[in-house]
Amino acid sequence: DGGITQSPKYLFRKEGQNVTLSCEQNLNHDAMYWYRQDPGQGLRLIYYSQIVNDFQKGDIAEGYSVSREKKESFPLTVTSAQKNPTAFYLCASSIVDGKLFFGSGTQLSVL
Amino acid sequence: AQSVAQPEDQVNVAEGNPLTVKCTYSVSGNPYLFWYVQYPNRGLQFLLKYITGDNLVKGSYGFEAEFNKSQTSFHLKKPSALVSDSALYFCAVRDFISSGSARQLTFGSGTQLTVLP
């Protein structure tokens, strides 16, 4: 099956800890995205990448980092600088100018 | 700057009745409009999109949306609601003139639809 796989489904972070969320796609899409979803606020763009080895900050990039070493993979690291990390994180991919295909999400919580 | 408004946080409708989920938008050029649906603890799924052409767009699961340029609206509709339609619905917009990817896509805050049996 083609699609986007996010892991883990649930993740807990301790104070001062960095955590990494995985996102893999086998749709052969060039563009990939990370969104943060908070209740009642819709989706906010964290980072996006249109090609391998290139990525751009979105609207709320502070406290997050990404890499795009392979077309299929776009991991997101939530650093200790992100003071309010509890949220539902969604990864998506698309062809240029196309609709978004979303993964099933990762719920991050703080211990 | 572009923006999307979904004026209703919650919409309740009885099964079998028609449903409408409202969306209004603001862009500087021609709009490129989407509806997505999200089931609990899941990612968003594409329902339909409007680029140009007929103002009534048909999408997945019997949903349709009506583009109204004068009212800058793109309301989602379904003639007969099902209990299984209960979910969170998001409208999204970007300026059609904008180059590149979905980077410029702006999402609304979502509308929770509950279909009562």
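Report follows, based on the coordinates. (Residues numbered from 1 in each chain as written. Chains lettered and ligands numbered in written order. Predicted model: local features only at pLDDT ≥ 70, side-chain atom pairs only at ≥ 80, totals over all residues. Heavy atoms only, no water.)

Right, let's get into the overall build of chain B. When you go through chain B residue by residue, the secondary structure sums to zero helices and twelve strands. Listed N to C, the secondary structure of chain B is β-β-β-β-β-β-β-β-β-β-β-β in terms of helices and strands. Taking 2.2 N^0.38 as the reference for a compact globule, 117 residues should give roughly 13 Å; the C-alpha atoms of chain B span a radius of gyration of 14 Å, in line with that estimate. Projecting the C-alpha coordinates of chain B onto the three principal axes gives extents of approximately 45 × 30 × 25 Å. By the burial criterion, 44% of the 117 residues in chain B qualify as buried. For chain B, long-range pairs separated by at least 24 residues make up 58% of all intrachain contacts whose partners lie at least 6 apart in sequence. Accessible surface, chain B as shown: approximately 5,400 Å² in total, 50% of it carbon and sulfur. Separation between the mean location of the 9 positive side-chain charges and that of the 8 negative ones in chain B comes to 7 Å. (Helix = DSSP H or I, 4+ residues; strand = E, 2+ residues; numbered from the N terminus. Rg over C-alpha atoms; globule rule 2.2 N^0.38 Å. Buried < 20%, exposed > 50% of the residue type's maximum accessible area, 1.4 Å probe, protein only. Contact = heavy atoms within 4.5 Å. Areas by Shrake-Rupley, 256 points an atom, 1.4 Å probe, with all protein chains shown as cover. Lys, Arg positive; Asp, Glu negative; His and termini not counted. Charge placed at Lys NZ, Arg CZ, Asp CG, Glu CD.)

The next subject is the pattern of salt bridges. Residue and element names in this part refer to chain A. In total, this model carries six salt bridges over all chains according to the counting rule given. Arg-36 serves as the salt-bridge partner of Asp-38, at 2.8 Å between the closest nitrogen and oxygen. Take Asp-38: its relative accessible area is 10%, and that puts it in the buried class. One salt bridge connects Arg-44 with Asp-38, and the closest N-O pair in it is separated by 2.8 Å. For Arg-44, a relative accessible area of 29% puts it in the partly exposed group. (Salt bridge = Lys/Arg side-chain N within 4 Å of Asp/Glu carboxyl O.)

A separate point is the state of the cysteines. Residues and elements named next belong to chain A. Under the defined criterion, the tally for this structure stands at two disulfides over all chains. With its sulfur 1.9 Å from that of its partner, Cys-23 forms a disulfide with Cys-91. Every disulfide takes its handedness from the sign of the S-S torsion; for Cys-23 and Cys-91 that torsion is -75°, giving left-handed. Here Cys-23, found in strand β3 (residues 19–25), pairs with Cys-91, found in strand β9 (residues 87–94); they are 68 residues apart in sequence, far enough to count as distant. (Disulfide = S-S within 2.5 Å.)

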